[in-house]
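Each chain, letter by letter, is given below.
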Amino acid sequence: MSTSSSRSALEFDQLTKRFGEHVAVDAMTFSVPRGSIFGFLGPNGAGKTTTIGMALGLIPPSSGTARVLGFDIRTNPSEVLQNVGAMVERPAFYPYLSGRMNLQVFGAQAGMDDRSRIEEIIDLVGMSERANAKFGGYSTGMKQRIGIGAALLCDPELVILDEPTNGLDPAGQREIRELVRRLSETGHTVFVSSHILAEIQEVCSHVAIINRGKLVSTGPMSEILAGTDQLVIDVDRPEDARQTLLNIPDLEKVVVDERQRLIVDVSLDRAPEINQTLVQSGFAVSQLRHQEGQLEERFLALTGQATGSEQTNG
Ligand SMILES: Nc1ncnc2c1ncn2[C@@H]1O[C@H](COP(=O)(O)OP(=O)(O)OP(=O)(O)O)[C@@H](O)[C@H]1O
Ligand SMILES: [Mg+2]
């Protein structure tokens, strides 16, 4: 485990990468608290892999710094690499060897030949039952889990996973989310990138949202989601009801959605007042419920665009 006393597992300071004219990562500055499950969220081409690559010494920065557990990989490579496990890109394994054998081979190459540790890892990534089957026959999700297992061989404090659910079906995605939680419960800081908002919202304690190489917002998930609560109201004559609600001071946003429900951007404590106004104005309210803020709304509000779409460069 780590030898440094840095409070941040990762610290990016004005980190920048240019590819020719194109600025792929632009003065990226944020930090990742130790012990967090930290979501690194951005659409395709936002600069996630490039940022991770710079932290791990795979890509040289144009300027700025990335500190991993207090160390810059360019000056202290061994301090970084001994304490970080990473899965970037789809991992390459021997298809004709079993998952277990692959981990043993990788472990031996890394100077780690503690067989019981490998059994622990197989158990942790949920591959006990299939560990003796050939890697080439695994599902994509199983391959990802062996890949994450390989990242754990050095018993790292910090685990960095670049889009670990890419290409997985919903069940596979859920397995990876459960594994991320397990990694956190077993004392790891987990830094996980994704372009899937709901996934990050579900599993992460903290988040950094990036877009076109730039940091858009970062902080604890609860703070990022603050102010995104909504009331969903089933009412007769929703359009008239909307006009009535718009007369209430400081109600900023009231819309009628495609299912003819009223969506009011307001926190739960305003529900009685809103209900009373509608009833007193003669509307029949059949249901009024609270909907927790969605990262998707926040992302759209912050960037003015949806995720999952390829960005045009420049
Ligand atoms: N080696 C390179 N040469 C030129 N441009 C690059 C290179 N690597 C990345 N880029 C560009 O930098 C930008 C950021 O790419 P990056 O791969 O970091 O994004 P990403 O957020 O990981 O996207 P994805 O979700 O598709 O994995 C993109 O516009 C990409 O085309
Ligand atoms: Mg990427």
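Thresholds applied
Residues numbered from 1 in each chain as written. Chains lettered and ligands numbered in written order. Predicted model: local features only at pLDDT ≥ 70, side-chain atom pairs only at ≥ 80, totals over all residues. Heavy atoms only, no water. Helix = DSSP H or I, 4+ residues; strand = E, 2+ residues; numbered from the N terminus. Buried < 20%, exposed > 50% of the residue type's maximum accessible area, 1.4 Å probe, protein only. Contact = heavy atoms within 4.5 Å. Areas by Shrake-Rupley, 256 points an atom, 1.4 Å probe, with all protein chains shown as cover. Lys, Arg positive; Asp, Glu negative; His and termini not counted. Charge placed at Lys NZ, Arg CZ, Asp CG, Glu CD. Pairing = 2+ DSSP bridges. Axes fitted to C-alpha atoms, helices over the stretch in contact; angles between N-to-C directions. 1 Å grid on protein atoms, 1.4 Å probe; cavity = no way out; pocket = protein on both sides within 12 Å on 5 of 7 lines; lining within 4 Å. Points joined across faces, edges and corners; volume = space filled by probe spheres on them. Nonpolar A, V, L, I, M, F, W, Y, C, P; charged D, E, K, R; others polar. Core = buried A, V, L, I, M, F, W, Y, C linked by side-chain atoms within 4.5 Å. Near = heavy atom within 4 Å. Polar contact = N/O pair within 3.5 Å; in protein donor to acceptor, adjacent residues only side chain to side chain. Domains from an automatic or database assignment. Arc of directions from axis to C-beta.

Enquirer: So what's going on with the overall build of the protein chain? Which residues, and what values?
Expert: Within the protein chain one finds eleven helices and 14 strands. The proportion of buried residues among the 314 residues of the protein chain is 48%. Here the analysis covers contacts within the protein chain between residues at least 6 apart in sequence; of these, 68% occur between residues at least 24 apart. In the form shown here, the protein chain has an accessible surface area of approximately 14900 Å², with 47% of it arising from carbon and sulfur atoms. Averaging the locations of the 29 positively and 40 negatively charged side chains of the protein chain gives two centres separated by 5 Å.

Enquirer: So what about the pairing of strand β9 (residues 206–211)? Which residues, and what values?
Expert: Taking burial as the measure, the six residues of β9 include six buried ones, the bulk of the element. Neither face of β9 is exposed, since H206, A208 and I210 on one face and V207, I209 and N211 on the opposite face are all buried. Both strand β3 (residues 37–41) and β9 contribute to a ladder of four bridges, which runs parallel. Along β9, the bridge assignment pairs F40 with A208. Where β9 folds back onto strand β10 (residues 214–220) in an antiparallel hairpin, the turn is made up of two residues, including R212, whose phi is positive at roughly 50 degrees.

Enquirer: Summarise the sheet that holds β9; cite the residues concerned and give the values.
Expert: Strand order in the open sheet formed by six strands is β6-β7-β8-β3-β9-β10, and the pairing between neighbours is mixed. A single partner strand is all that each edge strand has here, and the edge strands are β6 (84–87) and β10. Looking at each pair of strands side by side, their axes are set apart by 15 degrees on average, direction ignored. In this sheet, strand β8 (residues 189–194) lies alongside strand β7 (residues 158–162) in parallel orientation, the contact comprising five bridges. Looking across to β8, one finds that L158 is bridged to T189.

Enquirer: How would you explain the layout of surface pockets if you had to name every residue and give the values?
Expert: Estimated volume of the largest pocket: approximately 210 Å³. Around the largest pocket, the lining comprises 14 residues; the ones closest to its centre are A86, F93, F106, A150 and A151. Looking at the lining of the largest pocket, the elements that each hand over two or more residues are β6, α3 (99–109) and α5 (140–151). Partitioned by chemical class, the residues of the lining of the largest pocket number twelve nonpolar, two polar and no charged.

Enquirer: An account of the nonpolar core is requested, with residue identities and associated values reported.
Expert: Within the largest apolar cluster, 40 residues are counted, with the highest numbers of intra-cluster contacts made by L41, I148, L152, L161, L183 and L295. Counting 28 residues, the second-largest nonpolar core is a separate cluster that includes M28, F30, A46 and I210.

Enquirer: Now, about the site of ligand 1: what can you tell me, with residues and values included?
Expert: Close to ligand 1 lie 13 residues; G45, K48, T49, T50 and E163 are nearest. Between an oxygen atom of ligand 1 and a main-chain N or O atom of G45, the distance comes to 2.7 Å. Backbone polar atom of G47 to an oxygen atom of ligand 1: 2.9 Å apart, as the coordinates give it. With the chains in place, 63% of the 630 Å² that ligand 1 exposes on its own is no longer accessible. Of all the elements in the fold, those that place two or more residues in the shell around ligand 1 are β2 (22–33) and α1 (48–55). Of the residues in the shell around ligand 1, the class split is four nonpolar, seven polar and two charged.

Enquirer: Kindly report on empty space enclosed by the protein, identifying the contributing residues and their values.
Expert: Rolling a probe over the atoms, with the probe sized like a water molecule, indicates the empty space that remains. Applying the stated rule across the entire model yields one cavity of 30 Å³ or more. Its volume calculated, the largest cavity comes out at about 60 Å³. In terms of lining residues, the largest cavity is bounded by P164, T165, I176, R177, V180, V192, S194, E199, I200 and V203. If you list the elements that add at least two residues to the lining of the largest cavity, you get α6 (170–185), β8 and α7 (197–203). Here the residues of the lining of the largest cavity sort into six nonpolar, two polar and two charged.

Enquirer: Can you lay out the domain arrangement of the protein chain for me, pointing to particular residues and giving the numbers?
Expert: Domain assignment breaks the protein chain into domain 1 (8–223) and domain 2 (230–292). One C-alpha centre belongs to domain 1, the other to domain 2; they are set 43 Å apart.

Enquirer: How would you summarise helix α11 (residues 295–303) if you had to cite specific residues and measurements?
Expert: Burial in α11 covers these residues: L295, F299 and T303. For α11, the angular spread of buried residues about the axis comes to 45 degrees, placing them on one side. Those residues of α11 that are buried lie in contact with β3, α7, β9, β10 and α8 (221–225). Where α11 ends, the next residue or the one after it, G304, has phi of about 70 degrees, a positive value.

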